[in-house]
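One letter stands for each residue in the lines below.
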Amino acid sequence: AEDVFENLTREHPKLADAHAALGSLGLVRGQPDRAVLHLARAVELSPRDPGFRNQFGVALFQNGDALAAEAEFRNVLAASPEDVDALLNLVEVCRAQSRYPEAADTIKRAVRVAPQEPNVLTAFGTLGLELGDAEAARIALDNLRRVAPDHPAVRALEETMATV
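Every value quoted in this text rests on a predicted model; they were computed, and no experiment measured them. (Residues numbered from 1 in each chain as written. Predicted model: local features only at pLDDT ≥ 70, side-chain atom pairs only at ≥ 80, totals over all residues. Heavy atoms only, no water.)

1. Looking at unusual backbone geometry
The criterion, for reference: Helix and strand assignments follow DSSP, with helices taken as H or I runs no shorter than four residues and strands as E runs no shorter than two, numbered in order from the N terminus. Relative accessibility under 20% of the residue-type maximum defines a buried residue, over 50% an exposed one, and the middle range a partly exposed one, all with a 1.4 Å probe and only protein chains included.
Look at Ser98: it is not a glycine, yet its phi comes out positive at around 55°. If you trace the backbone, Ser98 turns up in the loop between α6 (84-96) and α7 (100-113). With a relative accessible area of 49%, Ser98 lands in the partly exposed category.

Below, the structure is given as structure tokens:
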């Protein structure tokens with residue numbers, strides 16, 4: 001697949017999707033520096049695409065540039081305040097920097113936007129556990145069991161909560 005997308009970017013250097021695909025491959029392969037390079041080009045070519053900006057932010061974050069990553073997620077949210085991926089990515093940046101009040105506010109916003117989304121419920125439960133809020137974690141787990149009983153986070157949250 002990589003060869004195909006490399007050829008596409010050579011033959012069609014303004015094809016943002018091909019650059020984004022190479023960036024995604026870089027993320028999957030644990031090569032965030034390579035992902036940043038390709039996703040920066042995708043964002044340059046298609047600056048209003050929230051998916052490209054979100055992926056670019058993830059690559060920046062994985063490459064150690066939390067400030068630039070946060071800026072990308074905030075750019076997405078400025079244009080699309082209910083973008084769940086940007087909200088969840090911003091939660092991760094805040095958690096990594098121990099900015100828990102902001103992480104909590106952001107996850108609450110994500111829950112309001114997508115209360116049935118398994119990834120939102122997982123992040124809500126995980127953050128609840130990190131903050132020592134067993135009630136929040138229990139609410140997240142109960143809702144996750146209801147909407148996605150086979151989701152891997154159900155078991156992970158159950159196991160973690162059993163030790164708390």
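Structure's up, so let's keep going.
2. Digging into the pattern of salt bridges
So the rule is basically this: Salt-bridge detection follows one rule: a side-chain nitrogen of Lys or Arg within 4 Å of a carboxyl oxygen of Asp or Glu.
Counting across every chain of the model gives eleven salt bridges. Across the pair Glu102 and Arg74 runs a salt bridge whose closest N-O atoms are separated by 2.2 Å. Taken together, the residues Glu102 in helix α7 and Arg74 in helix α5 (residues 66-79) connect sequence positions 28 residues apart. A relative accessible area of 26% places Glu102 in the partly exposed class. One salt bridge connects Arg145 with Glu158, and the closest N-O pair in it is separated by 3.0 Å. Residue Arg145 is found in helix α9 (residues 134-147), and its partner Glu158 is found in helix α10 (residues 152-162); the two are separated by 13 residues along the sequence. Three or more residues joined by partner-sharing salt bridges are found here, namely Glu70, Arg74, Arg99 and Glu102.

3. Re α10
Worth spelling out the cut-off: The directions from the helix axis to the C-beta atoms are what the arc is built from. Any pair of residues with heavy atoms lying within 4.5 Å of one another is described as a contacting pair.
Along α10, the residues classified as buried are Ala153, Val154, Leu157 and Met161. Buried residues of α10, seen end-on, are gathered within an arc of 110° and therefore sit on one face of the element. Counted as exposed and oriented over 90 degrees from the buried face of α10: Pro152, Arg155 and Ala162. Where α10 is buried, its residues meet α8 (118-130) and α9.

4. Thoughts on the packing of α5 against α6
To keep things clear, this is the line we draw: Orientation is described by axes fitted as lines to C-alpha atoms, over the contacting stretch for helices, and by angles from 0 to 180 degrees between their N-to-C directions. Roughly parallel means an angle under 35 degrees; roughly antiparallel, over 145; roughly perpendicular, 65 to 115; everything else is oblique. The sense of a crossing depends on the near helix, which, turned anticlockwise from the far helix by less than a right angle, makes the crossing left-handed and, turned clockwise, makes it right-handed.
In the contact formed by α5 and α6, the axes pass within 9 Å of each other and the chain directions differ by 155°. By the angle class used here, α5 and α6 are roughly antiparallel. Between α5 and α6 lies a crossing whose hand is left-handed. Taking contact as the criterion, the partners of Ala66, Glu70, Phe73, Arg74, Val76 and Leu77 in α5 are, on α6, Ala86, Leu87, Asn89, Leu90 and Val93.

5. What about the side chain of His38?
Along the chain, His38 turns up in helix α3 (residues 32-45). Residue classification places His38 among the buried positions, given a relative accessible area of 11%. Ignoring anything within four residues of it in the chain, the contact list for His38 reads Glu6, His19, Leu22 and Gly23.

6. Thoughts on the confidence of the model for the protein
Rules: The predictor attaches a confidence to each residue, and that confidence, scored 0 to 100, is pLDDT.
When pLDDT is averaged along the protein, the result is 94, and 99% of the positions lie at 70 or above. Of all secondary-structure elements in the protein, the lowest mean pLDDT belongs to helix α1 (residues 2-11), at 76, while α6 reaches the highest, 98.

7. Remarks on the environment of Val84
Tracing the chain through its elements places Val84 in helix α6. For Val84, a relative accessible area of 19% puts it in the buried group. C-alpha of Val84 to C-alpha of Arg109: the two residues are 25 residues apart in sequence and 9.1 Å apart in space. Once residues within four sequence positions are removed from consideration, Val84 is found in contact with Val113, Ala114, Glu117 and Val120.

8. Regarding the nonpolar core
Put simply, the test is: Put simply, a nonpolar core is a bunch of buried Ala, Val, Leu, Ile, Met, Phe, Trp, Tyr and Cys residues held in one set by side-chain atoms that sit within 4.5 Å of each other.
By size, the foremost hydrophobic cluster in this structure holds 36 residues, and its most contacted members are Leu39, Phe52, Phe56, Ala59, Leu88, Ile107 and Val120. Among the elements of the structure, α2 (16-28), α3, α4 (50-62), α5, α6, α7, α8 and α9 are those that each provide at least two residues to this core. Ranked by residues supplied to this core, first place goes to α6 with eight residues. The residues contacting Phe52, other than those within four sequence positions of it, are Ala16, Asp17, Ala20, Leu39, Ala42, Val43 and Ser46. Listed in part, the nine residues of the second largest apolar core include Leu121, Ala148, Ala153 and Val154.

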